Amino acid sequence: FRIALLGLAEGRYAVSVRARDSRRLYGYGKKEIIVDFGPPPMPRVSSPADGVVVSDGFDEEKEVAGAQASFAGFAEPKSVVHIAAGGKEFTGSAGADGAFLIPGVTFRNHGANAVLVFAEDAAGNRSEKRSFTYIYNNPPRIVFLAPRDGEGLNHAAEISWDIRDPDGDAVQNVALNY
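Cut-offs used in this document
Residues numbered from 1 in each chain as written. Predicted model: local features only at pLDDT ≥ 70, side-chain atom pairs only at ≥ 80, totals over all residues. Heavy atoms only, no water. Helix = DSSP H or I, 4+ residues; strand = E, 2+ residues; numbered from the N terminus. Rg over C-alpha atoms; globule rule 2.2 N^0.38 Å. Buried < 20%, exposed > 50% of the residue type's maximum accessible area, 1.4 Å probe, protein only. Contact = heavy atoms within 4.5 Å. Areas by Shrake-Rupley, 256 points an atom, 1.4 Å probe, with all protein chains shown as cover. Lys, Arg positive; Asp, Glu negative; His and termini not counted. Charge placed at Lys NZ, Arg CZ, Asp CG, Glu CD. Pairing = 2+ DSSP bridges. Axes fitted to C-alpha atoms, helices over the stretch in contact; angles between N-to-C directions.

### Let's talk about the overall build of the protein chain
For step 1, the next point in the chain: A count of helical and extended segments in the protein chain gives zero helices and twelve strands.
For step 2, the next point in the chain: Taken over the C-alpha trace, the protein chain has a radius of gyration of 28 Å; the compact-globule value for 178 residues is 16 Å, which it surpasses by more than 25%.
For step 3, the next point in the chain: Each of the three principal axes of the protein chain carries a C-alpha extent, and together these read 105 × 35 × 25 Å.
For step 4, the next point in the chain: Every one of the 178 residues in the protein chain was classed for burial, and the buried ones make up 25%.
For step 5, the next point in the chain: Excluding contacts between residues fewer than 6 apart, the proportion of contacts in the protein chain whose partners are at least 24 apart in sequence is 54%.
For step 6, the next point in the chain: For the protein chain, the computed accessible surface area is about 12,700 Å², with 52% contributed by carbon and sulfur atoms.
For step 7, the next point in the chain: The average position of the 19 basic charges and that of the 23 acidic charges among the side chains of the protein chain differ by 17 Å.

Written as structure tokens, this is what we have:
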């Protein structure tokens, strides 16, 4: 069975159907439908900020490769927010107040990572896509070689250290303060 509902205005409608069989038994069905003609506004991402550097120290799930971050912001209430990053899609729902939180968005590529964000409402309308860039990079690691932990210095002091960048970036501007 089908029926076309024409001329409906935007909004929520409760549709109910009742049917009776030859034994005089009744079946009931209810369905809420949403009529929505336009796309939702683009979601606003409040965290992490566009252009921020994401490092392994920022990582929320250290057992998973790359760096994982939670995305928070606001979208049309009860819409589904989609985040595309690194060839994968992550989704979450906006609450009745429009707030959303999507954990586990993964950055695996060293350097700039493009992220696309959009919302989809209950009627299947999609907002425009908003593009963000996040930098996945780790700071240089410094290991002191001498003096060893717990050792003191005599009149002639020598301090040595090793600096390595885990991402292979060139180390520049080394400064020593004492």
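### A closer look at the sheet that holds strand E3 (residues 44-47)
For step 1, the next point in the chain: The three strands lie next to each other as E3-E5-E8, forming an open sheet whose pairing is antiparallel. Each having just a single partner strand, E3 and strand E8 (99-107) make up the two edges of the open sheet. The sheet shows a mean angle of 40 degrees between the axes of neighbouring strands, direction not considered.
For step 2, the next point in the chain: Inspection of the sheet shows E3 paired to strand E5 (residues 67-74) by three bridges, in the antiparallel sense. Its bridge partner being in E5, serine 47 is matched across the sheet by alanine 72.

### A few points about the pairing of strand E2 (residues 26-35)
For step 1, the next point in the chain: Relative to E2, strand E1 (residues 11-20) runs antiparallel, the two sharing ten bridges. Within the sheet, the bridge partner assigned to valine 15 lies in E2 and is lysine 31.
For step 2, the next point in the chain: In sequence, E1 turns back onto E2 through a hairpin of five residues, with arginine 24 there showing a positive phi of about 70 degrees.

### Description of the sheet that holds strand E9 (residues 111-120)
For step 1, the next point in the chain: The strand order across the open sheet formed by five strands is E4-E10-E9-E6-E7, and the pairing between neighbours is mixed. The outermost strands of the open sheet, each flanked by one partner alone, are strand E4 (53-54) and strand E7 (88-93).
For step 2, the next point in the chain: One ladder, built from six bridges, connects strand E6 (residues 80-85) with E9; its direction is antiparallel. In the sheet register, valine 81 faces E9, and the bridge partner there is alanine 119.

### Let's talk about the environment of arginine 12
For step 1, the next point in the chain: Mapped onto the elements of the fold, arginine 12 is located in strand E1.
For step 2, the next point in the chain: The class for arginine 12 is exposed, based on a relative accessible area of 51%.
For step 3, the next point in the chain: Distance in space between the C-alpha atoms of arginine 12 and aspartate 167 is 52 Å, their sequence separation being 155 residues.
For step 4, the next point in the chain: In this structure, arginine 12 is in contact with Glu32, Ile33, Ile34 and Lys78, ignoring residues within four places of it in sequence.

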